[in-house]
Amino acid sequence: MSELIVAHVDAGVGRLELNRPRVINSLNREMIHACISVLRTWQGDADVRAVELTGAGDRGFCAGADVREMAALVSADEDWLQFLGSEYELDALVAHYPKPVTAHMRGITMGGGLGFTAAASRRIVDFSSQLAMPETKIGLFPDAGVMFQLSRAGAVGTHIALTSAPFGGGDALVIGLADESSEGPLPAPLIDASGDWIDECYATDDPVEIARTLEAHPHPDARIAARELRARSPFSVHVALRALRSAATLDYDGVLAQDLRLAQRMVPVDFVEGVRALLIDKDNTPEWRHARIEDVPETLVDEVFAQ
């Protein structure tokens, strides 16, 4: 058993704790494979009636997949796609688990960490919950199946997917990424803002038009969102929006299959540079392949989505 997870059965409940608190339990390959192994073992164990997912430490459940490890695989031209394939296998395992799975989304629950919990049968948030899909910051798109929920969350889901906007437990409850609060009613500021500017600004399927509408909107939060959007990988913004619209027509397994197919084609473009700028050198000055959202050729996006 890997030391990066803690797993035991207590009174019929299989308790699986992610155990990399120094990096907010980021999922590396060893952890992913260990989680799959434990969950498959419990799947066939009649003494295990339910499963609970938690994260060690006081900072949160899981900050996401270990993208530093994945970026190193990409740079070394090793099998980085297998990393994502295993991550999505874990997400699908939770989604189709034959026993109830409760996920405690305490503190930071982002990226692949949110994907790990999104398909659980019971997802619990509280005032500490800090959720996000920050992939457009690093040259990727919201993956791990979360587009299934975001594509059904209206303009708020589009805002979250394109800008990497963080949100709390209250918004998660409304948009279908959580089921209950352990601490009573929670605020939902993005939902509250939807009628003020979000619904209007994200009504189109054109990322250039979205950016310009945000920039021209009188609400100050819209103009902040415009600056955030402009700071993201322009290529990722284009792919994320089209992937989001496509996900609205797919079931959960179809979204995961789309995630793997798109990632295979787009990761080589901006991902390594995005991880370098945000997480390794931390200079926050990525040199994206395309300077502006307006500069991304539609034909390049078409190639990513070609069957």
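Residues numbered from 1 in each chain as written. Predicted model: local features only at pLDDT ≥ 70, side-chain atom pairs only at ≥ 80, totals over all residues. Heavy atoms only, no water.

### Details of helix α6 (residues 154-163)
- Among the 10 residues in α6, nine count as buried, and that is most of the element.
- If you check which residues of α6 are buried, you get Ala155, Val156, Gly157, Thr158, His159, Ile160, Ala161, Leu162 and Thr163.
- Looking at the buried residues of α6, the elements they touch are α5 (147-150), α7 (169-175), α8 (189-201), α9 (207-216), α10 (220-231) and α11 (234-247).
- Of the residues one or two after α6, Ser164 is the one with positive phi, at around 65°. (Buried < 20%, exposed > 50% of the residue type's maximum accessible area, 1.4 Å probe, protein only. Helix = DSSP H or I, 4+ residues; strand = E, 2+ residues; numbered from the N terminus. Contact = heavy atoms within 4.5 Å.)

### Brief notes about the sheet that holds strand β2 (residues 13-18)
- Read across the sheet, six strands follow the order β1-β2-β3-β4-β6-β8 without closing on themselves; strand pairing throughout is mixed. At either end of the open sheet lies a strand with only one pairing partner, and these are β1 (5-10) and β8 (180-181).
- In this sheet, strand β4 (residues 101-104) lies alongside strand β3 (residues 50-55) in parallel orientation, the contact comprising three bridges. Bridging from a neighbouring strand, Glu52 pairs with Thr102 of β4. (Pairing = 2+ DSSP bridges.)

### Some points on helix α13 (residues 298-305)
- Within α13 the residues assigned to the buried category are Val301, Val304 and Phe305. Down the axis of α13, the buried set is contained in an arc of 90°. They therefore lie on one face. Across α13 from its buried face, at more than 90 degrees, point the exposed residues Thr299 and Glu303.
- Looking at the buried residues of α13, the elements they touch are α11 and α12 (252-280). (Arc of directions from axis to C-beta.)

### Re the environment of Asp205
- Mapped onto the elements of the fold, Asp205 is located in the loop between α8 and α9.
- Judged by relative accessible area, which is 55%, Asp205 ranks as exposed.
- On a C-alpha basis, the gap between Asp205 and Leu241 in space is 7.1 Å, while along the polypeptide they are 36 residues apart.
- Leaving out residues up to four positions away in the same chain, Asp205 has contacts with Leu241 and Arg245.
- Polar side-chain contacts of Asp205 include one of 2.6 Å to the side chain of Arg245. (Polar contact = N/O pair within 3.5 Å; in protein donor to acceptor, adjacent residues only side chain to side chain.)

### Here we look at the pattern of salt bridges
- Under the criterion given, the structure shown has 18 salt bridges.
- With a shortest N-O distance of 2.9 Å, Glu215 and Arg230 are connected by a salt bridge. Of the two residues, Glu215 is situated in helix α9 and Arg230 in helix α10; the sequence distance between them amounts to 15 residues.
- For Arg230, a relative accessible area of 27% puts it in the partly exposed group.
- Linked through salt bridges whose partners overlap, the residues forming this network are Arg212, Glu215, Arg230 and Glu294. (Salt bridge = Lys/Arg side-chain N within 4 Å of Asp/Glu carboxyl O.)

### Observations regarding the packing of aromatic side chains
- Under the defined criterion, the tally for this structure stands at two aromatic pairs.
- Ring geometry for Phe61 versus Phe116: centroids 5.9 Å apart, planes at 40°, classification tilted. Residue Phe61 is located in the loop between β3 and α2 (67-75), and its partner Phe116 is located in helix α4 (residues 112-118); the two are separated by 55 residues in the primary sequence.
- On the basis of relative accessibility, which here comes to 1%, the residue Phe61 falls in the buried class.
- Given the relative accessible area of 1%, Phe116 is considered buried. (Phe/Tyr/Trp six-rings, centres within 6.5 Å; stacked < 30°, edge-to-face > 60°.)

### Overview of the environment of Ala155
- Looking at where Ala155 falls in the secondary structure, it is placed in helix α6.
- Distance from Ala155 to Trp197, taken between C-alpha atoms, is 9.7 Å for residues 42 residues apart in sequence.
- If near-sequence neighbours (up to four positions away) are discounted, Ala155 is found in contact with Ile198, Asp199 and Tyr202.

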